[in-house]
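Summary of the model geometry
For reference, the chains in residue letters:
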Amino acid sequence: GGKADSYTLNFSRPASGIYVQYYKFHRLGRRGYQALSDNRMSNARYLRSALQKIQHTDGRPKFLILDAGDDNCLPVVAACLNPDLDLPYDDIDLQH
């Protein structure tokens, strides 16, 4: 081998997210990181529950929940408008 003046990590995609997660785990410890994760799951559970309670005027659910719920998943909520309602607007219209 030769002499190297600097060392760099070279990835095809940015790895800053991994570094940030490692820093948080290192800084907060296992209990602190677990509390952070539990809080995110709780927020996702609350949002999912609130979306499930919204009903159309005829009593049918306005949203269909597309994610796996709380079973071994990330704290993510995925939903779409119920296509059976045949609403005059769609998911994209809600974004604007």
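In short, a report on the structure.

Criteria and thresholds
- Residues numbered from 1 in each chain as written.
- Predicted model: local features only at pLDDT ≥ 70, side-chain atom pairs only at ≥ 80, totals over all residues.
- Heavy atoms only, no water.
- Helix = DSSP H or I, 4+ residues; strand = E, 2+ residues; numbered from the N terminus.
- Buried < 20%, exposed > 50% of the residue type's maximum accessible area, 1.4 Å probe, protein only.
- Contact = heavy atoms within 4.5 Å.
- Areas by Shrake-Rupley, 256 points an atom, 1.4 Å probe, with all protein chains shown as cover.
- Phe/Tyr/Trp six-rings, centres within 6.5 Å; stacked < 30°, edge-to-face > 60°.
- Core = buried A, V, L, I, M, F, W, Y, C linked by side-chain atoms within 4.5 Å.
- Salt bridge = Lys/Arg side-chain N within 4 Å of Asp/Glu carboxyl O.
- Polar contact = N/O pair within 3.5 Å; in protein donor to acceptor, adjacent residues only side chain to side chain.

This next bit is on the overall build of the protein. Per the secondary structure count, the protein includes two helices and two strands. Helices (α) and strands (β) of the protein occur, in sequence order from the N terminus, as α-β-β-α. By the burial criterion, 15% of the 96 residues in the protein qualify as buried. Put simply, of all contacts in the protein between residues at least 6 apart along the chain, 33% involve residues at least 24 apart. A total of about 8300 Å² of accessible surface is found on the protein, and carbon and sulfur atoms cover 54% of it.

To continue, consider the packing of aromatic side chains. Within the structure shown, the criterion is met by one aromatic pair. Geometrically, the ring pair formed by F25 and Y33 is edge-to-face, given 5.6 Å between the ring centres and 85° between the ring planes. Among the residues examined, F25 registers a relative accessible area of 39% and is labelled partly exposed. The class of Y33 is partly exposed, set by a relative accessible area of 23%.

This brings us to the nonpolar core. Nonpolar side chains in soluble globular proteins tend to end up buried together. Counting five residues, the largest nonpolar core is built from L51, F63, L81, L85 and L87. Not counting residues up to four positions away in its chain, the partners in contact with L87 are H56, K62 and L81.

Another point: the environment of F63. Assignment of secondary structure puts F63 in strand 1 (residues 63-65). Taking relative accessible area as the criterion, F63 reaches 17% and is therefore assigned buried. For F63 and L81, which are 18 residues apart along the polypeptide, the C-alpha to C-alpha distance reads 4.5 Å. Ignoring anything within four residues of it in the chain, the contact list for F63 reads L51, I54, C80, L81, N82 and L94.

The tally for this structure, following the rule as stated, stands at four salt bridges. Residue D70 pairs with R48 through a salt bridge whose shortest N-O separation is 3.1 Å. In this pair, D70 is assigned in the loop between strand 1 and strand 2 (79-81) and R48 in helix 1 (residues 16-53), connecting sequence segments 22 residues apart. Residue classification places R48 among the buried residues on the basis of a relative accessible area of 7%. With its nearest N and O atoms 2.8 Å apart, the salt bridge here joins R60 to D58.

A few words now on the side chain of D67. Its place among the elements puts D67 in the loop between strand 1 and strand 2. At 2.8 Å, the side chain of D67 forms a polar contact with the backbone nitrogen of G69. Of note is the side chain of D67, whose polar atom sits 2.9 Å from the backbone nitrogen of A78. Non-local contacts of D67, meaning those with residues more than four positions away in its chain, are made with R48, V76, V77 and A78.

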